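Below, each chain spelled out in residue letters.
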Amino acid sequence: MSDSKNWLVTGGSRGIGRAVVEAATARGDRVAVFARKPATEQWTHADRVIEIHTDIGDSASVGSGVAEVFDRFGSLDVVVNAAGVHRGGRIGDLSRQHWDEVITTNLTGAFELARAVVPRLDAGAALINVGAVVGFRGFPGDVAYGAAKAGLSGLTQVLAVELAPREIRVNLVIPGFVDTDMTSALTGRAREKVVAAIPMGRTGRPEEIAQVIVGVADSPYMTGSIVATDGGLMSSFSSRS
Ligand code: NAP
C-alpha cells in the first residue's frame, strides 16, 4: 500500500501555496489546488496536481470544489489554507469594499473551507492555516489584513480544541515578509524599512515557508500551535512608522 498523502492547497497556484504544492508532489504526494485562475507556471510533477477553479470566499464554490476533490482523491490527509489577498490603507483611507474583500478571502474563506472539509476528514488529518505576523503585531496600514489574520489565529485555536478528540490537528504557520506577487508592490524605501526590521536582514523565500508547512503536516503531536517562520520578525521591536 502506498503511504503517499492527498493534499488540498488553497492559493496553490502562486507564491507560498505553490511552493507547498511543489514540496508535496516532490515527495510523491497528490495535491488539489484551489484558486480562481489557472497557475501560470508549469508544475514539476503535473501528473500529481489537479487544479480546481474555486473562489474561497464563496460557499457554493468551496462546497463544489471540496466535493470534486473527494470524488477524485477519495480522502484528504492535509489541507493547507494559503489563499489570501492584501489590501492596505490606514483607517482613514481603507474602503469598506477593501475591508470586505480582505475579511471574506482571508478569514471567512478559512471558515468556509473548514466547514466543507472537516466532516469528511479522518483521524490523523492535518489542517494548516497561513497567518501573518501582522495578525499579532500592529503594523500601520494593515487594519483589514491584520484583523483577518488575528481572526484566523482564533479560528485555528478553537478548531484545534474542537477537533482534537477526532485526532485532527489544526495549526497556524506565520510567514514573515516573503517575496511573492502579494509583496511585489512594496519597493524602494518602504521595502528597505521592512527588511531593516527583520533580524535576519532578508526576506523569506516561498520554499522556506513550504518546508515548515510540510514539517507541521508531518508532526503527529502538534495542534493549536502558532509557528512563526519569519527571520525573527515576531521577536523584534518594530521601528516607529
Ligand atoms: P500570492 O502570491 O498573492 O498568492 C495568493 C494565492 O491566493 C493565489 O494562488 C491566488 O490565486 C489565491 N487566491 C486569492 N484570492 C482567492 C480567492 N478568493 N479564492 C481562491 N484563491 C484565492 O500570495 P502569497 O504571498 O503566496 O500569500 C499566501 C498566503 O500567505 C496568504 O494567506 C498570505 O496572506 C500569507 N502571507 C504572505 C506573506 C508574504 O510576505 N508574502 C506574509 C505573511 C502571510 P487567484 O488570484 O487565482 O485566486
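Just so we're clear, the structure is a prediction, and the values are computed from it rather than from any experiment.

J.: Go over the overall build of the protein chain with me, naming the residues and quoting the values.
T.: Looking only at helices and strands, the protein chain features 6 helices and 7 strands. Along its sequence from the N terminus, the protein chain presents helices and strands in the succession β-α-β-β-α-β-α-β-α-β-α-α-β. Radius of gyration (C-alpha) of the protein chain: 17 Å, near the 18 Å computed for a compact globule of 241 residues. Taking the principal axes of its C-alpha atoms as reference, the protein chain extends roughly 55 × 35 × 35 Å. Evaluated residue by residue, the protein chain yields a buried proportion of 47% over its 241 residues. Considering only contacts within the protein chain whose residues lie at least 6 apart along the sequence, 68% involve residues at least 24 apart. Put simply, the protein chain shows about 11800 Å² of open surface, and 52% of that area lies on carbon and sulfur atoms. For the protein chain, the distance from the average position of its 24 positive side-chain charges to the average position of its 26 negative side-chain charges is 5 Å.

J.: Residues and numbers for the pairing of strand β2 (residues 30–35), please.
T.: By the criterion of burial, β2 is predominantly enclosed, with 5 of the 6 residues buried. Judged from the 5 bridges that link them, strand β1 (residues 6–10) and β2 form a sheet pairing that is parallel. Looking at β2, one finds that T10 is bridged to F34. As for the winding sense of the linkage, the β-α-β connection from β1 through helix α1 (residues 15–26) to β2 is right-handed.

J.: Outline unusual backbone geometry, listing residues and values.
T.: For E167, which is not glycine, the phi dihedral falls at a positive 60°. Mapped onto the elements, E167 comes out in the loop between α4 (143–163) and β6 (169–175).

J.: Can you explain the site of the ligand? Please cite residues and give values.
T.: Not every one of the 29 residues close to the ligand is listed here, only the nearest: S13, R14, Y145, V178 and T180. Within the side chain of S13, an N or O atom sits 2.7 Å from an oxygen atom of the ligand. At 2.9 Å from a nitrogen atom of the ligand is found a side-chain nitrogen or oxygen belonging to D55. If the ligand stood free it would expose 880 Å²; the protein chains cover 97% of that surface. Listing elements by their share of the shell around the ligand, those giving two or more residues are α1 and α4. Here the residues of the shell around the ligand are counted per class, giving 13 nonpolar, 10 polar and 6 charged.

J.: Quick one: what's the story with the nonpolar core, residue by residue and with numbers?
T.: Taken as a class, soluble globular proteins show a tendency for nonpolar side chains to be buried jointly. In this structure, L8, L76, L113, V117 and L121 are the most contacted members of the largest nonpolar core, which totals 38 residues. Breaking this core down by element, the ones donating at least two residues are β2, β3 (49–53), α2 (59–73), α3 (96–117), α4 and β6. Every residue in contact with V117, bar those within four places of it in the chain, is listed here: L8, V66, F70, L76 and V79.

J.: Give a description of the sheet that holds strand β4 (residues 78–81) that names residues and reports values.
T.: Reading across the sheet, the 7 strands line up as β3-β2-β1-β4-β5-β6-β7 and stay open at both edges, with parallel pairing between neighbours. Looking at strand neighbours, the two that pair on one side only are β3 and β7 (226–229), the edges of this open sheet. The mean angle between the axes of side-by-side strands here comes to 20°, regardless of whether they run parallel or antiparallel. Inspection of the sheet shows β1 paired to β4 by 4 bridges, in the parallel sense. When the sheet's bridge partners are listed, W7 is paired in β4 with V78. Taken strand by strand, α1 contacts β1, β2, β3, β4 and β6, and its axis lies near 170° from that of β1. Those strands touched by α4 are β4, β5 (126–130), β6 and β7, and its axis lies near 155° from that of β6.

What counts and how
Residues numbered from 1 in each chain as written. Predicted model: local features only at pLDDT ≥ 70, side-chain atom pairs only at ≥ 80, totals over all residues. Heavy atoms only, no water. Helix = DSSP H or I, 4+ residues; strand = E, 2+ residues; numbered from the N terminus. Rg over C-alpha atoms; globule rule 2.2 N^0.38 Å. Buried < 20%, exposed > 50% of the residue type's maximum accessible area, 1.4 Å probe, protein only. Contact = heavy atoms within 4.5 Å. Areas by Shrake-Rupley, 256 points an atom, 1.4 Å probe, with all protein chains shown as cover. Lys, Arg positive; Asp, Glu negative; His and termini not counted. Charge placed at Lys NZ, Arg CZ, Asp CG, Glu CD. Pairing = 2+ DSSP bridges. Right-handed = clockwise from strand over helix to strand, strands pointing away. Near = heavy atom within 4 Å. Polar contact = N/O pair within 3.5 Å; in protein donor to acceptor, adjacent residues only side chain to side chain. Nonpolar A, V, L, I, M, F, W, Y, C, P; charged D, E, K, R; others polar. Core = buried A, V, L, I, M, F, W, Y, C linked by side-chain atoms within 4.5 Å. Axes fitted to C-alpha atoms, helices over the stretch in contact; angles between N-to-C directions.

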